[in-house]
Amino acid sequence: MGILKGKVAVVTGSTSGIGLAYARAFAGAGANIVLNGMGAPADVEKERSAVESDFGVKAVYSPADMAKPNEIAELVALGEKTFGSVDVLVNNAGVQHVAPIEEFPIDKWNAIIAINLSSAFHTIRAAVPGMKRRGWGRIITTASAHSQVASPFKSAYVAAKHGIAGLTKTVALELARSKITCNCISPGYVWTPLVEKQIPNTMKARNMDRDQVINDVLLAAQPTKEFVTVEQVASLALFLCGEGAAQITGANLSIDGGWTAA
Ligand code: NAD
């Protein structure tokens with residue numbers, strides 16, 4: 001029997017990449033799923049119905065925009081209304097923009113802080129009362145190696161991810177006696193659309209070709225010289241949901257091919 005049988009997981013930004021891998025891993029462990037994120041309706045519906053048919057659980061989708069606090073509250077409410085609880089909350093939605101600080105567009109700064117940092121405050125705030133009432137919960141946020149170290153041209157992203165590490169510690173301490181853990185996972189480079197999309201801007205910012213960006217910028221920091229896979233990140237998140245991880249809280253867990261060891 002799956003370790004999440006009867007539980008409900010809300011995963012923000014789960015129409016793609018790491019978030020979709022989390023959703024599928026939790027569904028494989030028996031959880032009902034609330035999917036969220038952007039995407040063409042037909043593509044989203046394909047992923048939603050695949051979660052149901054592949055794993056024999058229920059999955060609903062919310063298009064809530066993680067930049068909008070009222071829609072974020074509605075996302076958590078949807079999980080509670082549809083399935084009766086939100087037991088596992090994963091803050092994963094994220095965007096990136098690469099530019100020198102003096103040219104960094106103000107609207108991009110605001111969007112990255114809203115989606116990558118403030119959305120986690122709003123989801124946690126909305127989900128914690130139910131978790132406390134039921135006496136169990138798991139809160140996981142996808143941070144990044146950029147929650148621990150910086151790279152040039154990613155001011156907003158690095159600031160947001162460092163913020164996630166601090167928010168995680170604070171929430172963990174507040175919930176330490178409530179059987180709710182709060183951790184973040186910090187991947188290095190994982191091959192997803194988010195990484196692929198930043199290649200053109202990085203080519204421009206650093207005056208490099210595509211192969212140079214992949215080898216000399218992305219994998220330069222990763223001693224294993226391999227991308228992390230979405231399945232590897234999801235298996236760490238699933239581990240955090242189990243009883244074996246009940247005493248892991250406030251942690252920032254690296255899964256980065258050795259990046260932050262250097
Ligand atoms: P991705 O682009 O494949 O997925 C991002 C998800 O967030 C998508 O489902 C997208 O629709 C959703 N999203 C974007 N804006 C949204 C909004 N306003 N409201 C709701 N959903 C929104 O990227 P990914 O690589 O899977 O990234 C997932 C998380 O992992 C992000 O927080 C990212 O910062 C983090 N991360 C990624 C890597 C990497 O190398 N890919 C490394 C470290 C951390």
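Residues numbered from 1 in each chain as written. Predicted model: local features only at pLDDT ≥ 70, side-chain atom pairs only at ≥ 80, totals over all residues. Heavy atoms only, no water.

Details of the overall build of the protein
No. 1: Each helix and strand counted, the protein has eight helices and seven strands in total.
No. 2: Structurally, the protein occupies a C-alpha span of about 50 × 40 × 35 Å along its principal axes.
No. 3: Burial statistics for the protein: of 262 residues in total, 50% are counted as buried.
No. 4: Look at the contacts in the protein between residues 6 or more apart in sequence, and 72% of them connect residues 24 or more apart.
No. 5: Split by element, the accessible area of the protein, about 11,800 Å² in all, is 55% carbon and sulfur.
No. 6: On the protein, the mean spot of the 24 positive side-chain charges and the mean spot of the 22 negative ones are 8 Å from each other. (Helix = DSSP H or I, 4+ residues; strand = E, 2+ residues; numbered from the N terminus. Buried < 20%, exposed > 50% of the residue type's maximum accessible area, 1.4 Å probe, protein only. Contact = heavy atoms within 4.5 Å. Areas by Shrake-Rupley, 256 points an atom, 1.4 Å probe, with all protein chains shown as cover. Lys, Arg positive; Asp, Glu negative; His and termini not counted. Charge placed at Lys NZ, Arg CZ, Asp CG, Glu CD.)

So, empty space enclosed by the protein
No. 1: The full count for this structure, using the stated rule, is one cavity of 30 Å³ or more.
No. 2: The calculated volume of the largest cavity comes to roughly 40 Å³.
No. 3: Thr 12, Asn 91, Asn 92, Ala 93, Ile 115, Asn 116, Ser 119, Ala 120, Thr 141, Thr 142 and Lys 161 are the residues that line the largest cavity.
No. 4: For the lining of the largest cavity, the secondary structure elements donating two or more residues are helix 4 (106–134) and strand 5 (137–142). (1 Å grid on protein atoms, 1.4 Å probe; cavity = no way out; pocket = protein on both sides within 12 Å on 5 of 7 lines; lining within 4 Å. Points joined across faces, edges and corners; volume = space filled by probe spheres on them.)

Here we look at the pairing of strand 6 (residues 180–187)
No. 1: In terms of residue burial, strand 6 counts as a mostly covered element, since eight of its eight residues are buried.
No. 2: Burial along strand 6 is two-sided: Ile 180, Cys 182, Cys 184 and Ser 186 and Thr 181, Asn 183, Ile 185 and Pro 187, pointing in opposite directions, are all buried.
No. 3: Sheet analysis places strand 5 next to strand 6, joined by six bridges and oriented parallel. Across the sheet, Ile 139 pairs through a bridge with Cys 182, a residue of strand 6.
No. 4: Direction of pairing for strand 6 relative to strand 7 (residues 252–255): parallel, over a ladder of four bridges. Across the sheet, Ile 185 pairs through a bridge with Leu 253, a residue of strand 7. (Pairing = 2+ DSSP bridges.)

Considerations on helix 7 (residues 210–218)
No. 1: Where helix 7 is concerned, the buried positions are Val 213, Ile 214, Val 217 and Leu 218. Relative to the axis of helix 7, the buried residues are bounded by an arc of 115° and lie together on one face.
No. 2: Looking at the buried residues of helix 7, the elements they touch are helix 6 (193–206).
No. 3: Two or three places before Asp 211, at the opening of helix 7, Asp 209 has a side-chain oxygen 3.2 Å from that residue's backbone nitrogen. (Arc of directions from axis to C-beta. Polar contact = N/O pair within 3.5 Å; in protein donor to acceptor, adjacent residues only side chain to side chain.)

Section: the nonpolar core
No. 1: In terms of nonpolar packing, the biggest core is built from 32 residues, with Leu 4, Tyr 22, Phe 26, Ile 33, Val 88, Ile 185 and Val 233 touching the most fellow members.
No. 2: At the level of secondary structure, the elements contributing two or more residues to this core comprise strand 1 (8–11), helix 1 (17–28), strand 2 (32–36), strand 4 (88–91) and helix 8 (230–241).
No. 3: It is helix 8 that contributes the most residues to this core, seven residues altogether.
No. 4: Among residues more than four places away in sequence, those in contact with Ile 33 are Ala 9, Ala 23, Phe 26, Ala 27, Val 51, Lys 58, Ala 59, Val 60 and Phe 83.
No. 5: With 23 residues, the next largest nonpolar core counts Val 8, Leu 89, Ala 172 and Leu 175 among its residues. (Core = buried A, V, L, I, M, F, W, Y, C linked by side-chain atoms within 4.5 Å.)

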